[in-house]
Structure formats: structure tokens, C-alpha cells
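Given next are the chains, with one letter for each unit.
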Amino acid sequence: MQTRDAAQAEVLIRALCDVRNKMLQRLQWLEKHEGGWRTAALHRDVDEAQAHITNLHRRYLIGNAPPPAE
């Protein structure tokens, strides 16, 4: 693996974490005010984002830093 790959993975992980955090905020609002299929769909999207973050971390950054927490 090249250093450039790890650097790009770090940037992508940071961006995904930002998006995931915004989705989590929206999810909290939906759970309080609406519920239903929108909440379920957003929950799946949050889980998928976290899976991508974890996979990128394992593939490119393992040993360099802990994975981003939810």
C-alpha cells in the first residue's frame, strides 16, 4: 500500500464521518417527530456509512489510528 492511498482513505473517512454524523442528527429528529419508513431507511443508510468507514479503516489505516466512533 502506498502512503498516498492511506492519505486518500483518511480524507474519505473524514468526509464519510461528517455525512454519517449529519444523518445521525436527522435520525434523532425523525425518531422524535415522525418514525416510520423514513426512519428505517435512514437507519440503514447510517449503518451502511459506518460499514464503509470501518472497511476503509481496516484496509488502509489499520495500525495507524483507531476507527472513528459513531
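Below you will find a few notes about this structure. (Residues numbered from 1 in each chain as written. Predicted model: local features only at pLDDT ≥ 70, side-chain atom pairs only at ≥ 80, totals over all residues. Heavy atoms only, no water.)

**A few points about the overall build of the chain**
(1) Moving on: A count of helices and strands for the chain gives two helices and zero strands.
(2) Moving on: Among the 70 residues that make up the chain, the fraction classed as buried is 24%.
(3) Moving on: When the accessible surface of the chain is totalled, it reaches about 5,200 Å², and 52% of it is carbon and sulfur. (Helix = DSSP H or I, 4+ residues; strand = E, 2+ residues; numbered from the N terminus. Buried < 20%, exposed > 50% of the residue type's maximum accessible area, 1.4 Å probe, protein only. Areas by Shrake-Rupley, 256 points an atom, 1.4 Å probe, with all protein chains shown as cover.)

**What about the pattern of salt bridges?**
(1) Moving on: Counted according to the given criterion, the structure contains two salt bridges.
(2) Moving on: One salt bridge in this structure joins glutamate 10 and arginine 14, with 3.9 Å as the shortest N-O distance. With a gap of four residues between them, glutamate 10 and arginine 14 both fall in helix 1 (residues 3-33), about one helical turn apart.
(3) Moving on: The class for arginine 14 is partly exposed, based on a relative accessible area of 48%.
(4) Moving on: Close ionic contact of arginine 38 with glutamate 34 constitutes a salt bridge, the shortest N to O distance being 3.3 Å. (Salt bridge = Lys/Arg side-chain N within 4 Å of Asp/Glu carboxyl O.)

**Observations regarding helix 1**
(1) Moving on: For helix 1, spanning 31 residues, the distance from its first C-alpha to its last is 45 Å, which sits close to the expected 45 Å at 1.5 Å a residue.
(2) Moving on: Taken together, the buried positions of helix 1 are occupied by Ala6, Ala9, Ile13, Cys17, Arg20, Met23, Leu27 and Leu30.
(3) Moving on: Looking at the packing, one finds that the buried side of helix 1 touches helix 2 (36-61).
(4) Moving on: Immediately downstream of helix 1, the backbone of glycine 35 shows phi near 75°, a positive value. (Expected span 1.5 Å × (residues − 1). Contact = heavy atoms within 4.5 Å.)

**A closer look at the side chain of threonine 39**
(1) Moving on: Tracing the chain through its elements places threonine 39 in helix 2.
(2) Moving on: Given the relative accessible area of 10%, threonine 39 is considered buried.
(3) Moving on: Other than its neighbours up to four places away in sequence, threonine 39 contacts Leu27, Leu30 and Glu31.

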